[in-house]
Amino acid sequence: MTFRFAPAKAHGGFDAVLARRRRVFKAAAAAILAALLGTAPLAAAHDRHDDDNHSGQRWVGTWSASPQAAEPPGLTLEDQTIRQVVRTSVAGDKVRVRLSNEFGTTPLVVAAASIARHSAGAAIVAGSDRPLTFGGRRSITLAPGAPALSDAIEFDVPAVGNVVVSLYLPKASVPRTVHSLGVATTYISTPGDYSAAVVMPTARTASSWFFLTGVTVDANRRSAAIVALGDSITDGFASTLDANRRWPNVLAERLQASRHSAHLAVLNHGISGNRTLFDFIGPNAQARLDRDVLNAPG
């Protein structure tokens, strides 16, 4: 069977319409790129993530993962440490970590948390770990539905490098707030608090992130974040485990390779199976636009 399509004649024909669309797209892309490669937007002067920062720096996300409800929750953690490896984009010399119990139905108790440079597997670089605090305390309890942002601490965050966030969960916790397609190995310990251990004994592994939604750095005032919002292609479906070859990772590497764009972070807010207007896997893109894009640090 052969299908024949008559050329569109309105407004100069189909080719002319495509040409106009290409011109509009190129003009818009050029304007966005010019803004990003120039100085940070004027709104940066009033950035709401800058409340404790008056030194010409600003808080910018260097890594992110969109929280979603576990479907179904199939794991219980008790008296165990989870070690989660994340890939940064932009560098900084101070750090804050964001946790979430957004989809939890019971309080989440984190008795100890730390951040460190990644060595290999479940091991961290000796001497690199720093304890995280929340309102000056080492432990925190997140109510159902609540997020938590750690205090700012001195920590040398590398550009396009791996850092490890360790969380010790003393009480029975069912991870209901996850990012299911981590495409990175999460290490789950044998019983005990190993948040500061160089080598952590591992009972099992997973390829999702649990309760961890963001890492933010104190970067220079010119810094800004690009948010990649999408579904499986953005999230990294079928990408090699632990290889950090999702396209937002590749974009971050290319930006960091040039001194003209090294101030730009890339935040991956893809959710595999996500939809634009209705919930399928994860909150739909329209519902999470404020949370994941408009309120992203930087």
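For the structure, see preceding data.
Overview of the structure. Computed from a predicted structure; not experimentally measured. (Residues numbered from 1 in each chain as written. Predicted model: local features only at pLDDT ≥ 70, side-chain atom pairs only at ≥ 80, totals over all residues. Heavy atoms only, no water.)

## Thoughts on the overall build of the chain
Then step 1. The helix and strand inventory of the chain stands at four helices and 19 strands.
Then step 2. Every one of the 298 residues in the chain was classed for burial, and the buried ones make up 46%.
Then step 3. Of the accessible surface of the chain, which amounts to about 14800 Å², a share of 58% is contributed by carbon and sulfur atoms. (Helix = DSSP H or I, 4+ residues; strand = E, 2+ residues; numbered from the N terminus. Buried < 20%, exposed > 50% of the residue type's maximum accessible area, 1.4 Å probe, protein only. Areas by Shrake-Rupley, 256 points an atom, 1.4 Å probe, with all protein chains shown as cover.)

## Concerning the pattern of salt bridges
Then step 1. Per the counting criterion, the structure on display carries four salt bridges.
Then step 2. Between Glu102 and Arg291 there is a salt bridge whose closest N-O contact spans 3.0 Å. Here Glu102, found in the loop between β4 (92–100) and β5 (108–110), pairs with Arg291, found in helix α4 (residues 289–294); they are 189 residues apart in sequence, far enough to count as distant.
Then step 3. The class for Glu102 is partly exposed, based on a relative accessible area of 29%.
Then step 4. The residue Arg288 makes a salt bridge to Asp292 at a minimum N-O spacing of 2.8 Å. Both residues of the pair, Arg288 and Asp292, count as buried. (Salt bridge = Lys/Arg side-chain N within 4 Å of Asp/Glu carboxyl O.)

## Examining the side chain of Arg83
Then step 1. Mapped onto the fold, Arg83 is located in strand β3 (residues 80–87).
Then step 2. With no salt bridge to any partner, buried Arg83 finds its closest opposite charge in Asp129, at an N-O distance of 7.0 Å.
Then step 3. There is a polar contact of 2.7 Å between the side chain of Arg83 and the backbone oxygen of Ala122.
Then step 4. Of the polar contacts made by the side chain of Arg83, one reaches the backbone oxygen of Tyr194; its length is 3.0 Å. (Lys, Arg positive; Asp, Glu negative; His and termini not counted. Polar contact = N/O pair within 3.5 Å; in protein donor to acceptor, adjacent residues only side chain to side chain.)

## With respect to helix α3 (residues 247–256)
Then step 1. All of the buried residues along α3 are Pro248, Asn249, Ala252, Leu255 and Gln256. Each buried residue of α3 lies within a common arc of 125° when the element is viewed along its axis, so the set occupies one face.
Then step 2. Looking at the packing, one finds that the buried side of α3 touches β3, β18 (224–230), α2 (232–235) and β19 (264–270). (Arc of directions from axis to C-beta. Contact = heavy atoms within 4.5 Å.)

## Brief notes about the pairing of β4
Then step 1. By the bridge criterion, three bridges tie β4 to strand β11 (residues 153–157) in an arrangement that is antiparallel. Paired with Val95 across the strands is Ile153, a residue of β11.
Then step 2. Relative to strand β17 (residues 212–220), β4 runs antiparallel, the two sharing five bridges. By the bridge assignment for β17, Leu99 is matched with Leu212.
Then step 3. Sheet topology note: the β4/strand β10 (residues 147–149) ladder contains three bridges and is antiparallel. Across the sheet, the residue bridging to Arg98 is Leu149, located in β10. (Pairing = 2+ DSSP bridges.)

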